[in-house]
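# Report on the structure
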Amino acid sequence: MAATLKSLKLLRYRAFCSPSAFGALRSVSYWNVSSTQHGGQDPPEHISLCHSAKKVKNICSTFSSRRILTTSSARPGLEFSKTSSSKASTLQLGSPRATGVDEEDVEVFDSFENTRVFLQLRPEYRVHSYNASETSQLLSVSEGELILHKVRVNQNNLQAQVIVDYLCKLSSLPAEQHPVLLGSTSFALLCQLSVKKIQLFDTQDLINVLKAFVILGIPHSHSMLDVYETKCCHQVWEMNMDQLLLVADLWRYLGRKVPRFLNIFSSYLNLHWKDLSLSQLVHLIYVIGENRQVSQDLMQKLESLILKYIDLINLEEVGTICLGFFKSSTNLSEFVMRKIGDLACANIQHLSSHSLVNIVKMFRFTHVDHINFMKQIGEIAPQRIPSLGVQGVMHLTLYCSALRFLNEGVMNAVAASLPPRVAHCRSKDVAKILWSFGTLNYKPPNAEEFYSSLINEIHRKMPEFNQYPEHLPTCLLGLAFLEYFPVELIDFALSPGFVRLAQERTKFDLLKELYTLDGTVGIECPDYRGNRLSTHLQQEGSELLWYLAEKDMNSKPEFLETVFLLETMLGGPQYVKHHMILPHTRSSDLEVQLDVNLKPLPFNREATLAENVAKLRLEHVGVSLTDDLMNKLLKGKARGHFQGKTESEPGQQPMELENKAAVPLGGFLCNVADKSGAMEMAGLCPPACMQTPRMKLAVQFTNRNQYCYGSRDLLGLHNMKRRQLARLGYRVVELSYWEWLPLLKRTRLEKLAFLHEKVFTSAL
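So, here's what we can say about the structure. (Residues numbered from 1 in each chain as written. Predicted model: local features only at pLDDT ≥ 70, side-chain atom pairs only at ≥ 80, totals over all residues. Heavy atoms only, no water.)

Looking now at the overall build of the protein chain. Secondary structure assignment for the protein chain yields 35 helices and 6 strands. Counting across all 764 residues of the protein chain, residues that qualify as buried make up 52%. Of all intrachain contacts in the protein chain linking residues separated by at least 6 positions in sequence, the fraction that spans at least 24 positions is 78%. Summed over all atoms, the accessible surface of the protein chain reaches about 36,400 Å², with 52% contributed by carbon and sulfur. (Helix = DSSP H or I, 4+ residues; strand = E, 2+ residues; numbered from the N terminus. Buried < 20%, exposed > 50% of the residue type's maximum accessible area, 1.4 Å probe, protein only. Contact = heavy atoms within 4.5 Å. Areas by Shrake-Rupley, 256 points an atom, 1.4 Å probe, with all protein chains shown as cover.)

In structure tokens form, the structure reads like this:
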């Protein structure tokens, strides 16, 4: 509370102290102030979905001239005319959205109205939400002109209540007259007076004025609204929960971000969250999601209320809750998600497609595998997909890939429905759909038609990919997983210009994606002569991915035990190397090399160097090893094993034995000679041991996340890795999680026997 009051004190209605605020009101020539302040575009934080569907031009630009608005008389300013009425008649300005869309067109989705359907399902919502369908008695044109005349004549004597009453009455003018009203100097004067008197407005006055602004379609970027937000901030602790939700809803309808108001609202909620009713809870989660602004602590409190009301929530409200948490990037617990899955499964046939998509978004975000819900999605989705817009299809497909859920019926329905309407796809939709099919490593029956249509769409949407560069590597990797390599697009994606663009324009780090694409092209497209990543970026990508992979694997005790057992079986760490054979594939390998006799080769120089350095340190402690000392140390041991000379194997010169490590399965010796009193390394092994490997094995330590859900089919990235290892001459040895992890609980001998069979049987 103290922090909130302090922040309010700092605000101090700054707009009232700023002459520029009034100057803007007096001199504004367009109600769309952003067109002069922002080069004709709204600032990013004020982009409203309300105005995006049909790219409706601001209602004022048609009617306002570039004159300076003053407080002097001049003309009345309404200037109602049939011409202006006809120009405005195509807009329903009582709501900030354009209407008249063919309902049969499945691609038309009003992201504003469709998310508010839940508000019609309980009468309680009417108390704390704005209903655009509510009608009031229309004000005649002559009555409107009379009000504006009174404003001009009595501007110095108008009381706060009269100003509020005038604004509300003028919002009741016929919709086609609203643009004319907004172009009026008298109306601009009335708004200026409202700003001057705003300190005298009570909560209901504030709500009524905001409603009038919504009806009239006041541009969300107008500077006057800063003053109204500040007033709302001061008024928070004077409002009840219904009023706060209504005010938040009105700001949403105006399409304006109000972070200061929402911050103080959150402080209020932290004290009063337990008092929320069911309708208030659902509406609040909707508001939070639309504003993408919330504290995680508050969301945890709201989650406990969801559990309290879970048996009373209907399916549309479930969809709203999921969307609100999804948009605010907040997790729901697995327990709550399973409850939501149970609710959806109980009546999934009556679940609207909009709510269905919202629920799968949240399951994707939380990675909860509700098995019954997944099964029912497999049954209902193929029927729904033809009537879903491509954005809904994308979310459904992405849900499947995120949960590794390969249902051929769903994927085939997506592939069949998409080519005829691919033009409706955004760059994001194309990218996510290609990624999903590639991740699941699935080619539909109409693969040729499906992929050719999407690849052609990428070419057509290149300007959009330049605007959102993160989507192009996603497209190309999804294609590469399934061995599709559109050379022109790859050449463009790896060009210095696009790489620079990707680094500058996106908040995502695309180095991993570009490095994976670059490495894949280098192996699978030998005839490719296009652009490649620079050596510097390749090195940077390799180091980054190795750091992540090594950190991940070294944190797994089961992996460390596997490495130790392999080293034990083969004779030491010099026979096994943990590294990334293909760094761009993002996972590490345990490499083993065999000679012509299928015996392991000690090729890991790093391990041998480390071992011998340790031995060197041990030798240099200043103690002389005499025969007498050796006899004492080795008393009781068979002396035949410790003579000064040993017979060499055929073809080798006898060497003085200082240190001999016999390899249990290798059958050959690697010696280190001491010829000067201090040990000096003669190399990893004698030259005879350094043979060209007959076979290189890439041992894969797998986990369930590398396979499709409930199956033993590899996902696209991991299947691609094995394909590329084979191209480079490696033989892949799978330590499948379903075989190896249960075996880790068995005896050491059983584990060694399993590894011996895997390594050496694969070499046959």
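Now for the packing of aromatic side chains. Under the definition given, this model contains 19 aromatic pairs. Aromatic pair F492 and F498: ring centres 5.3 Å apart, planes at 50°, arrangement tilted. The exposure class of F492 is partly exposed, given its relative accessible area of 30%. The interplanar angle of 55° and the centroid separation of 5.7 Å between the aromatic rings of Y707 and Y737 together place this pair among those described as tilted. Of this pair, Y707 sits in the loop between β5 (695-701) and α33 (716-727) while Y737 sits in helix α34 (residues 737-743); the two residues are 30 residues apart in sequence, bridging distant segments of the chain. By relative accessible area, which is 3% here, Y707 ends up buried. Here a set of aromatic residues connected by ring pairs shows up, and it is made of F437, F450, Y451 and Y484. (Phe/Tyr/Trp six-rings, centres within 6.5 Å; stacked < 30°, edge-to-face > 60°.)

Looking now at α33. Owing to its 3.6 residues per turn, the α-helix aligns residues three or four sequence positions apart on the same side. Taking 1.5 Å as the rise per residue, α33 with 12 residues should run 16 Å; its terminal C-alpha atoms sit 17 Å apart, in good agreement. With respect to burial, α33 is a largely interior element, 9 of its 12 residues being buried. For α33, the set of buried residues is G716, L717, H718, M720, K721, R722, R723, Q724 and L725. A positive backbone phi angle near 95° is found at G729, which sits one or two residues after α33. (Expected span 1.5 Å × (residues − 1).)

Tallied over the entire structure, the rule returns 25 salt bridges. The salt bridge involving R586 is made with E513; its shortest N-O contact spans 3.9 Å. Residue R586 is located in the loop between β1 (577-579) and β2 (589-594), and its partner E513 is located in helix α28 (residues 511-524); the two are separated by 73 residues in the primary sequence. Between K758 and E739 there is a salt bridge, with the nearest N and O atoms lying 3.3 Å from each other. Placement of the pair is K758 in helix α35 (residues 748-762) and E739 in helix α34, with a sequence separation of 19 residues. (Salt bridge = Lys/Arg side-chain N within 4 Å of Asp/Glu carboxyl O.)

Moving on, we get to the side chain of T474. Examined against the element boundaries, T474 turns out to sit in helix α25 (residues 471-481). Classification of T474 as buried rests on a relative accessible area of 16%. Within polar-contact distance, the side chain of T474 engages the backbone oxygen of E470 at 3.1 Å. If we skip the residues at most four places from it in the chain, T474 touches A431 and W435. (Polar contact = N/O pair within 3.5 Å; in protein donor to acceptor, adjacent residues only side chain to side chain.)

The next point concerns the sheet that holds strand β6 (residues 730-735). Pairing within the open sheet is mixed, and its 4 strands lie in the order β1-β2-β5-β6. Two strands bound the open sheet, and with one partner strand each, they are β1 and β6. The average undirected angle you get between the axes of adjacent strands in this sheet is 30°. Where β1 and β2 come together, 3 bridges link them in antiparallel fashion. Residue pairing in the sheet places H579 in a bridge with D589 of β2. In the packing of helix α30 (residues 557-570) onto the sheet, the strands contacted are β1, β2, β5 and β6, and the crossing angle to β2 comes to about 10°. Its contacts with the sheet place α33 against β2, β5 and β6, and it is angled at close to 145° to β6. (Pairing = 2+ DSSP bridges. Axes fitted to C-alpha atoms, helices over the stretch in contact; angles between N-to-C directions.)

Next up on the list: the pairing of β5. The buried count for β5 comes to 6 of 7 residues, which makes it a mostly enclosed element. The pairing of β2 with β5 spans 5 bridges and is antiparallel. Residue pairing for β5: Q593 is matched across the bridge by K696. Sheet analysis places β5 next to β6, joined by 6 bridges and oriented parallel. Across the sheet, the residue bridging to V699 is V733, located in β6. The parallel pair β5 and β6, bridged by α33, forms a crossover whose chirality is right-handed. (Right-handed = clockwise from strand over helix to strand, strands pointing away.)

Looking now at the side chain of T562. Tracing the sequence through the fold places T562 in helix α30. Classification of T562 as buried rests on a relative accessible area of 0%. Discounting residues that sit within four places of it in the chain, T562 has contacts with L590, F701, L735 and W740.

Once that is clear, we can look at the packing of helix α10 (residues 203-216) against helix α12 (residues 241-254). Between α10 and α12, the shortest axis-to-axis distance is 9 Å and the interhelical angle comes to 25°. It follows from the interaxial angle that α10 and α12 lie roughly parallel. For the pair α10 and α12, the crossing hand works out as left-handed. Where α10 approaches α12, its residues T203, I207, L210, K211, F213 and V214 are matched on the opposing element by Q243, L246, V247, L250, W251, Y253 and L254. Class assignment of the residues belonging to the contact of α10 with α12 gives a composition of 10 nonpolar, 2 polar and 1 charged. (Parallel < 35°, antiparallel > 145°, perpendicular 65-115°, else oblique. Left-handed = near helix turned anticlockwise from the far one by under 90°. Nonpolar A, V, L, I, M, F, W, Y, C, P; charged D, E, K, R; others polar.)

Let us now look at unusual backbone geometry. Across residues other than glycine, the phi torsion is negative in most instances, and most of the peptide bonds are trans. Positioned with a positive phi, E483 is a non-glycine residue whose angle comes to about 70°. Residue placement: E483 occurs in the loop between α25 and α26 (487-493). Of note in this structure, L598 is not a glycine but carries a positive phi near 60°. For L598, the position within the fold is in the loop between β2 and α31 (605-619).

Geometric descriptors of this kind do not, in isolation, establish any biological role.
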